[in-house]
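This is what each chain is made of:
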Amino acid sequence: MIRRRDLLLAMPAGLAASALPRDLALAQAAAPAPAAGPRLPAGFTLGASTSSYQIEGAVNEDGRGASIWDTFSHTPGRIKDGSNGDVACDHYHRFAEDVELMAQAGFGGYRFSIAWPRVQPDGTGAPNVPGLDFYDRLVDRLLARGVKPFACLYHWDLPQALQDKGGWTNRDIVGCFTDYAQLTLARLGDRVPRWAMLNEPSVHAIFGHAFGNHAPGMTGWKNYLAAQHHMNLAQGSAIRAVRASHPRLGLGTVFSLQPVLPATDKPQDAQAAVRFDAAWNGNNLDPLFHGRYPQISAGDFAPVIRDGDLDLIKVPVDFLGVNYYGRAHVIDDPNGVIAGAGWGPHPPGTRTTAMGWPIEPHGLVEVLARLRDDYGNPQTFITENGAAYDDPAPKAGTVNDPARVAFIREHLLACQQAIAEGCALKGYYVWSLLDNFEWAEGYSRRFGIIHVDFATLQRTPKASFAYLAAVARGEPTGGIVTGP
Ligand code: IFM
């Protein structure tokens, strides 16, 4: 755990600019790139990230089954603006246009997820060929346009039929997920070089199974523990199975990682931070890399762990995807669902996004340093990083989103710093390519570097899209240096 004053001391010169008045920071952004120093090395992938339910729409097409997010979003009161993913960005029909935009930007990679209910409408059994055909078309188009596909097998849209049997709280799901992984790779493994098993299991376990404000809307610590453990198991089981049939593919998984700090100097908040850190970070990292749960959680998990489980979960990965948004500032909360802890105030003066999340680029360096020091420095990709802002309407063919440009720039500077400090970071995928369905927030929060008009579905690239394209082209972009 890191204390607040340690962080201030560790703040590097480039990132300190983020705390400068806006015009000064902009002046620095315009300054020429330094001749030597931190950089994004040759081969570093820049790209964008999305997920199936958040963008695809077409929920009743080509044999797709229902997912827990269809059920959840159609339940009155669950989604802030009463919306759902029925149409979303209509990417299912407009994927070629979206790929074209990425190609024009010069992105080297695209990380997307596959909807399990398109592949197996009920979550088990023979594959639904038309569902797989969609991903086949998408992958071929990406390859034809020089954008490397990076697929994630599970970004929270569980087939509803499996949820009806308990979903992630039922241990049988481990075998189902492994089967799904194998038959998906059997179709696409010849062209997609990198595969993540799960996206953010801790977030899915905490929000979907303990708080209940995400699908499937389950609540309580017991459900959290079962869901988290079974996701860990499914991830280990699927990696082993797929590696046996596809030994050359890059296999890994994606975690949401955050430095966790006590929000005050109270000793009970320091203790809460240790517990919260286990729930958010350690209960994913420690089983995968060390074959054990953090000491503070081990007793809680004991009822769901069977002999051999921890050996199955601990498996070498070819990469770890890291989703980074900010630090967690936590307080002790005896009624808190997550390990008796809750979110406290951010440090005074902290800038925030439209989600109210703190903007803390140096936390990205801290997360990667932790992976370097405590988990063997795995090859990593930032598989998500980005910000929601209340953007102005499109004007003259673009959207002016300077705050998002600054956010991305500051986090790319953090990537450069982490690489300079020896972290094995290989790529950065912004969240997100498109404005999309932001789960319980519906369409009220825009994370995209491309604006989507949800009435017409028209795409308008924002200034942040142009900015990332300039970085991808290797143009001087405010301290971001690309190349050898
Ligand atoms: O939109 C989500 C994504 O699905 C998972 N990571 C965080 C993003 C922003 O909330």
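- Naming follows an unreviewed UniProt entry, where the protein chain appears as Beta-glucosidase of Ancylobacter oerskovii.
- Per UniProt, the protein chain carries the Sequence similarities (unreviewed entry) text "Belongs to the glycosyl hydrolase 1 family."
- Its UniProt record, at the heading Catalytic activity (unreviewed entry), says of the protein chain: "Hydrolysis of terminal, non-reducing beta-D-glucosyl residues with release of beta-D-glucose."

Remarks on the nonpolar core
Part 1 of the reasoning: Ranked by size, the top nonpolar core spans 130 residues in total, and within it Trp69, Trp116, Trp168, Phe177, Trp195 and Leu412 carry the most contacts.
Part 2 of the reasoning: Setting aside residues no more than four positions away along its own chain, Trp195 makes contact with Ile114, Ala151, Leu153, Thr184, Leu185, Leu188, Gly189, Leu249, Gly250, Leu251, Gly252 and Phe319.
Part 3 of the reasoning: Formed by 7 residues, the second largest nonpolar core is a distinct cluster that contains Phe150, Val254, Phe319 and Phe381.

Notes on the site of the ligand
Part 1 of the reasoning: In the region of the ligand, the neighbouring residues are Gln54, His155, Trp156, Asn199, Glu200, Tyr325, Trp357, Glu384, Trp431, Glu438, Trp439 and Phe447.
Part 2 of the reasoning: The contact in question runs from an oxygen atom of the ligand to an N or O atom on the side chain of Glu438, over 2.6 Å.
Part 3 of the reasoning: Take Trp439: an N or O atom from its side chain is 2.8 Å from an oxygen atom of the ligand.
Part 4 of the reasoning: Contact with the protein chains removes 96% of the 280 Å² of surface that the ligand exposes when unbound.
Part 5 of the reasoning: Its residues placed into classes, the shell around the ligand shows 6 nonpolar, 3 polar and 3 charged.

Considering the side chain of Gln160
Part 1 of the reasoning: Position of Gln160 relative to the elements: it lies in helix α9 (residues 160–163).
Part 2 of the reasoning: With residues near it in sequence (within four places) discarded, Gln160 still touches Ala66, Ser67, Ile68 and Thr71.

Things to note about the sheet that holds strand β8 (residues 328–332)
Whether parallel or antiparallel, the strands of a sheet pair through hydrogen bonds between backbone atoms.
Part 1 of the reasoning: One open sheet accounts for 3 strands, arranged β6-β8-β9; its pairing is mixed. Here the strands that pair on one side only, and so sit at the sheet edges, are β6 (260–262) and β9 (341–343). Neighbouring strand axes in the sheet, compared pairwise and without regard to direction, differ in orientation by 45° on average.
Part 2 of the reasoning: Where β6 and β8 come together, 3 bridges link them in parallel fashion. Residue Leu261 lies in a different strand from β8, and its bridge partner there is His329.
Part 3 of the reasoning: Its contacts with the sheet put helix α13 (residues 267–290) on β6, β8 and β9, and the angle it makes with β8 is roughly 125°.

Some points on the sheet that holds strand β11 (residues 425–431)
Part 1 of the reasoning: Ordered in space as β1-β2-β3-β4-β5-β7-β10-β11, the 8 strands form a closed barrel in which the pairing is parallel. Within this sheet the neighbouring strands show an average axis-to-axis angle of 25°, counted without direction.
Part 2 of the reasoning: Inspection of the sheet shows strand β10 (residues 380–384) paired to β11 by 3 bridges, in the parallel sense. Among the inter-strand pairings, Thr380 is bridged to a residue of β11, identified as Leu425.
Part 3 of the reasoning: Contacts from helix α17 (residues 402–420) reach β1 (45–49), β10 and β11, with the element oriented near 165° to β11.

Observations regarding the environment of Ala420
Part 1 of the reasoning: Topologically, Ala420 is positioned in helix α17.
Part 2 of the reasoning: For the pair Ala420 and Tyr224, spaced 196 residues apart in sequence, the C-alpha to C-alpha distance is 37 Å.

Thresholds applied
- Residues numbered from 1 in each chain as written.
- Predicted model: local features only at pLDDT ≥ 70, side-chain atom pairs only at ≥ 80, totals over all residues.
- Heavy atoms only, no water.
- UniProt positions renumbered as here; feature names shortened; annotations may be inferred.
- Core = buried A, V, L, I, M, F, W, Y, C linked by side-chain atoms within 4.5 Å.
- Buried < 20%, exposed > 50% of the residue type's maximum accessible area, 1.4 Å probe, protein only.
- Contact = heavy atoms within 4.5 Å.
- Near = heavy atom within 4 Å.
- Polar contact = N/O pair within 3.5 Å; in protein donor to acceptor, adjacent residues only side chain to side chain.
- Areas by Shrake-Rupley, 256 points an atom, 1.4 Å probe, with all protein chains shown as cover.
- Nonpolar A, V, L, I, M, F, W, Y, C, P; charged D, E, K, R; others polar.
- Helix = DSSP H or I, 4+ residues; strand = E, 2+ residues; numbered from the N terminus.
- Pairing = 2+ DSSP bridges.
- Axes fitted to C-alpha atoms, helices over the stretch in contact; angles between N-to-C directions.

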